[in-house]
Amino acid sequence: MVARKGSTLQICSGWVWMLVVAAQMHAATVAYWRFEEGPADGLVVHAGADGAFHGTVRDGSGNGNHLSAWTQGGYAGFAYRTNVASGRVPQFGWTNRFSVQNTGNYPAMFTSAQHSRPSGINLDAILPVQFTVEASYRAVASGGYRTVVGRDARNVSRSDPNLAAFYLQVRPDDSVAVVFTDVSGYTHRAFSPPGWVYGISPGGAEAPWYHLAAVSDGNTLKLYVNNLLVASTDLVASGSPNRALVRGSGTGPDWVAGAWSVGRGLYAGVHTDRAYGFIDEVRISDRALEPGEFLFAPRPVASMGGVVAGSVSLEVAHGPPGMSFQVLHTTDARLPWSRWSNLGTHAFDAQGRAVVRVTGLPVELPHFYAIRTAVVPPPPGPLTYSLAPGWQNWPADIRERIVYAMEGAVAQYNKWGTFRKHLTVNYNPGVPTAQASYSGWIDFGGQIGYRTALHEISHTLGVGTTWQWQANLAGGVWQGPHGRQKIQEFDGPGAVIYSDGTHFWPYGLNYDNEASTESIRRHVLLVEAFRKDMGLE
């Protein structure tokens, strides 16, 4: 947005069509906690007794669903930190200065409509059929359940009365999960494969930031990490007559049904599953957002290229090459988008940039601009897969297990390497375990699972299935320089990769007990190195 008033020119991040300026927000947003109050390393303010509501974390949606820490610092409090995933929120272009981090072993933030008295949509009362819950999280430890966002309740699930209404969390195996119970008492789950989130990165460095998003459109529950789909569940198959998110009823000594939590979960009516680490940009929407609408999905950004009396040059960047966009203008930023003027259609060049010159501006008025583009989902990774013809006739549970395994495995290969290939996945009950060929065909038979999928994909990429693989072996030891360098990065000088001509070890994921967060990463990086040695990439 560019605002001009007289000789004063203020430049802000480029606004996109899906977002609005000032206090306006996307119509679907029910609550949005940005944690921008600060200051750096200051405590999230909390006055009064421990657990008394003091909503100093403001709700940016305008609805008034403010968030309270449990204490000011100490055992259950939070502090503002400058450790953030990005200096700007890509979807808005807003400056992102702070995240929050727990100051003790019992972090807890919570909402309370009774005390915050929301003037708009009451977050604690909603029963949305569609919803999106987003949060950015950087863990500082592995293991245990870590609930980043939750909704308190008990006795709402038919299958487990101890479950709360909602969890967006990391599980003990470092998978990401969304679990929610609907108003009919059916509990729905979508889990990423194990080993998806690091608590501590390789070498003991800080773990990366992860942008988590749980999305339900009423028919399908989807889970995204860093804008990539990592799990999905068919809600219709449950048979539930009403798949709206439950609120529940009742209270406990330190919770109220329907209230939301950040940094902890609830189980059996007890605060638990603390999310140690950094949390930022938590948004709850009452609509199923598309990936291109997520907070950390890339969006175009506009800035000033130059100002001459009566004209301004707008430089727009980070757009999809070739895509068209419109420039909107108003002198009153309070107006709805439909009343902004369309100044013309332009297109991004091959580098995703464009320069737009606007002339004829009365200097005595403020001027506001917006860039209107289509919502574009993030592109899929170069490694893709599809189910073989006839998949409609596979047993439903078999198909579900294969899809779960392949979605996670393909996402891991795309996460850690670049593999340009399409795979075709088949179910063949005549195959004792599983098998794959360099053609890209995979048969699952008596063995179906995430680790198996990772292992079989390596065969489709040349491991043990090409003459180039054999050419890089001598005495059962890998000779290629890229592979040798990579294994020594992992295991130290003198480390080697062994092979029986078809499989390799270590990190070949030949057995279930070999799979871990780090061994999966190393497996993919080794396969990428092997392909360089084989001249296949």
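Notes on the structure follow. Computed from a predicted structure; not experimentally measured. (Residues numbered from 1 in each chain as written. Predicted model: local features only at pLDDT ≥ 70, side-chain atom pairs only at ≥ 80, totals over all residues. Heavy atoms only, no water.)

**Observations concerning the sheet that holds strand β26 (residues 324-330)**
Heads up, the condition is: Strand pairing is assigned whenever DSSP identifies at least 2 bridges connecting the two strands. Elements are defined by DSSP. Helices are runs of H or I of four residues or more, strands are runs of E of two residues or more, and each kind is numbered from the N terminus. A fitted line through C-alpha atoms serves as each axis, taken over the contacting stretch for helices, and the angle formed by two N-to-C directions is quoted from 0 to 180°.
Here we have 3 strands laid out as an open sheet, ordered β27-β26-β29, and antiparallel in their pairing. Two strands bound the open sheet, and with one partner strand each, they are β27 (341-347) and β29 (368-372). Strand after strand, the sheet turns through a mean of 25° between neighbouring axes, direction not considered. When β26 meets β29, the two strands line up antiparallel, connected through 5 bridges. Looking at the pairing, Leu328 lines up with Ala370 of β29.

**Quick word on the packing of helix α3 (residues 450-460) against helix α6 (residues 517-534)**
What counts, and what does not: Put simply, angles under 35 degrees are roughly parallel, angles over 145 are roughly antiparallel, angles from 65 to 115 are roughly perpendicular, and the rest are oblique. Working rule for contacts: check all heavy atoms of both residues, and any pair within 4.5 Å makes them a contact. Residue type decides the class: Asp, Glu, Lys and Arg count as charged, Ala, Val, Leu, Ile, Met, Phe, Trp, Tyr, Cys and Pro as nonpolar, and the leftover types, Gly among them, as polar.
Interaxial distance between α3 and α6 falls to 11 Å at its minimum, and their mutual angle equals 10°. The orientation of α3 with respect to α6, classified from their angle, is roughly parallel. Contacts between α3 and α6 involve Tyr450, Leu454 and Ser458 from the first element and Ile520, His523 and Val527 from the second. When its residues are assigned to classes, the contact of α3 with α6 shows 4 nonpolar, 2 polar and no charged.

**Here's the deal with the packing of aromatic side chains**
What counts is decided by this rule: Working definition: a ring pair exists when centres of Phe, Tyr or Trp rings (six-membered ring for Trp) sit within 6.5 Å. Plane angles under 30 degrees give stacked, over 60 give edge-to-face, the rest tilted. Three exposure classes are used, based on accessible area relative to the maximum for each residue type with a 1.4 Å probe and protein chains only: buried under 20%, partly exposed in between, and exposed over 50%. Only when the NZ of Lys or the CZ of Arg is both within 6 Å of the ring centre and within 35 degrees of the ring normal is a charge said to sit over the ring.
Per the counting criterion, the structure on display carries 22 aromatic pairs. An angle of 75° between the planes, with centres 5.3 Å apart, marks the rings of Tyr413 and Phe419 as edge-to-face. Residues Tyr413 and Phe419 agree in their burial class; the two are buried. A network of ring pairs unites the aromatic residues Phe131, Phe166, Phe180 and Trp260 as a single cluster. A cation over a ring is seen here: Arg171 above Phe191, with NZ or CZ 3.6 Å from the ring centre. When the ring centre of Trp196 is taken as reference, the NZ or CZ atom of Lys415 above it lies at 4.5 Å.

**Things to note about the packing of helix α5 (residues 481-491) against α6**
Between α5 and α6, whose axes approach to 7 Å, the crossing angle comes to 155°. As summarised for this structure, α5 and α6 are arranged roughly antiparallel, according to the angle between their axes. Seen from α5, the contacting residues are Pro481, His482, Gly483, Lys486, Ile487, Phe490 and Asp491; seen from α6, they are Arg521, Arg522, Leu525, Leu526, Ala529, Phe530, Lys532 and Asp533. Among the residues forming the contact of α5 with α6, the class breakdown is 7 nonpolar, 2 polar and 6 charged.

**Side note on unusual backbone geometry**
The omega angle of the peptide bond from Gly38 to Pro39 is 5°, so this bond is cis rather than trans. In this structure, Pro39 sits in the loop between β3 (29-33) and β4 (68-69). Unusually for a residue other than glycine, Asp273 sits at a positive phi of about 55°. Asp273 gets classed as buried once you look at its relative accessible area, which sits at 16%.

**Observations regarding the environment of Gly62**
Looking at the secondary structure, you find Gly62 in the loop between β3 and β4. For Gly62 and Gly120, which are 58 residues apart along the polypeptide, the C-alpha to C-alpha distance reads 7.1 Å.

Any functional reading would require information beyond the geometric quantities listed.
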